[in-house]
Amino acid sequence: MKASPSARSWIAAGVRHELFLRVLPALRHDMAAPVSVLRMGLLMLKRQVAAPGIDAAACAQRVALIDEQLGVLVDGIRSLRDWELAATGEGIGRAALVAQCTALLGAAFDLGGIAISVDPALEPADDAQAPRWPAAAALRYLTLGALCHLHDSVPRLGAIHIEPDGADALRLRAEPRAAEAPSQALVTHRAPRSLAIDAVSLQCLAEDLGHAIRVERTAVRFALASA
Amino acid sequence: MNVLIVDDNAAAADLLQELVSLEQQHMAQCAYTARQAIEAFGQSPFDIALIDLSLPDQPGTEVARQLRAAAAGRPLTLVAVSGFAQDDPAGQEALALFDHYLQKPIDFSTLDRLLVPPAAP
């Protein structure tokens, strides 16, 4: 039986769900950090105000830290909106997109012995004058999808290199693991992953989001502008 | 107990050091990178190391491997501290290397139990 257009959309929705689940630990990690500081800061502040002589300057310093961390937490909560395809924002620059996605998957890949390297031309500092691409959420899913596809499908993967392809596309290239590098971590990390992002799933995602994509054996190239 | 706190989030590390030192009367030292942690471990005999899994220069799991090797059989409790849950892929690898796993935000009563010196034989 051939997959209907509706079925392909369901596949794409499933891929988005899987990608979101894969970055959820990183999102939770980013929000847990300020909560940790807030709790410890409040505990210390309680001690300070309960002391016989209150050190106003030390208390003010503590309050400033709590205020700052509360701001970080609020930003984290707001950023959850970035995952909704319907959200209309001001778009995203190519370098910022790459920086966000590598930050989200970097720690998990790193613990699995897989490095993510980014071409110097994609440094965020160079992004200020660069074009901003609409549908940032779609591009976020697509970039994560490409990273996870290479992660799941390339045997003996050592690194993924991300580079610009012309002015309006990204290319991700898998690099093999060095022969002497240990592979135990890789096995540990990848073993529980039964639902791989294969080439068909990635194609479905790109089509559903309206972006042209080319999936090769060890590389993925996709356009930042929707078709 | 001598406690080594390894976390690149300086605010979190410093506060935990204050709490552990002031409230629980332990000796605590902070390291903000993997390299600093390994250097500090070479200079002082720590009983327990609380290691964040996500460090800028090396993964926390690698720090755990190196500290365990440097301890050379001396008793050392390694505790992974992370925003990742234990059942996340990152957490699963840590389980094999650490004695305990604390998820951020840290549960202080669990930490208290870990900071009890072992009874003398």
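Residues numbered from 1 in each chain as written. Chains lettered and ligands numbered in written order. Predicted model: local features only at pLDDT ≥ 70, side-chain atom pairs only at ≥ 80, totals over all residues.

Draft legend 1. A look at helix α3 (residues 94-111) of chain A. Residues and elements named next belong to chain A. Taking 1.5 Å as the rise per residue, α3 with 18 residues should run 26 Å; its terminal C-alpha atoms sit 26 Å apart, in good agreement. Along α3, the helix axis deviates most sharply at L105, where the bend reaches about 45°. Looking one or two places after α3, you find G113, whose phi comes out positive at around 80°. (Helix = DSSP H or I, 4+ residues; strand = E, 2+ residues; numbered from the N terminus. Expected span 1.5 Å × (residues − 1). Bend = angle between axes of the 7 residues up to and from the residue.)

Draft legend 2. Geometry of the interface of chain A and chain B. With 23 residues of chain A at the contact, the number on the chain B side is 22 residues. Listing elements by their share of the side of chain A that touches chain B, those giving two or more residues are α1 (5-50), α3 and α5 (184-190) of chain A. Of the residues that constitute the side of chain A that touches chain B, the class distribution is 14 nonpolar, six polar and three charged. (Contact = placed C-beta atoms within 7 Å. Nonpolar A, V, L, I, M, F, W, Y, C, P; charged D, E, K, R; others polar.)

Draft legend 3. Region of interest: the packing of α1 of chain A against helix α6 (residues 199-209) of chain A. Residue and element names in this part refer to chain A. Two elements in contact, α1 and α6, have axes separated by 8 Å at closest approach and are oriented at 100°. Comparing the axis directions of α1 and α6 gives the class roughly perpendicular. Contacts between α1 and α6 involve R8, S9, I11, A12, V15 and R16 from the former and S201, C204, L205, E207 and D208 from the latter. Per-class residue counts for the contact of α1 with α6 are five nonpolar, two polar and four charged. (Axes fitted to C-alpha atoms, helices over the stretch in contact; angles between N-to-C directions. Parallel < 35°, antiparallel > 145°, perpendicular 65-115°, else oblique.)

Draft legend 4. Broad picture of the domain arrangement of chain A. Residue and element names in this part refer to chain A. For chain A, the domain assignment lists domain 1 (5-83) and domain 2 (92-223). Domain 1 and domain 2 are separated by 26 Å when their C-alpha centres are compared. Between domain 1 and domain 2, the residue contacts involve 14 residues of the former and 18 residues of the latter. (Domains from an automatic or database assignment.)

Draft legend 5. Main features of the pairing of strand β4 (residues 77-82) of chain B. Residues and elements named next belong to chain B. Extensive coverage of β4 is indicated by the burial of five of its six residues. Each parallel crossover has a hand, and the one from strand β3 (residues 48-52) via helix α3 (residues 60-71) to β4 is right-handed. Both β4 and strand β5 (residues 100-103) contribute to a ladder of four bridges, which runs parallel. Across the sheet, residue A80 finds its bridge partner in β5, namely Y101. (Buried ≥ 20, exposed ≤ 12 C-beta atoms within 10 Å, placed from the backbone. Right-handed = clockwise from strand over helix to strand, strands pointing away. Pairing = 2+ DSSP bridges.)

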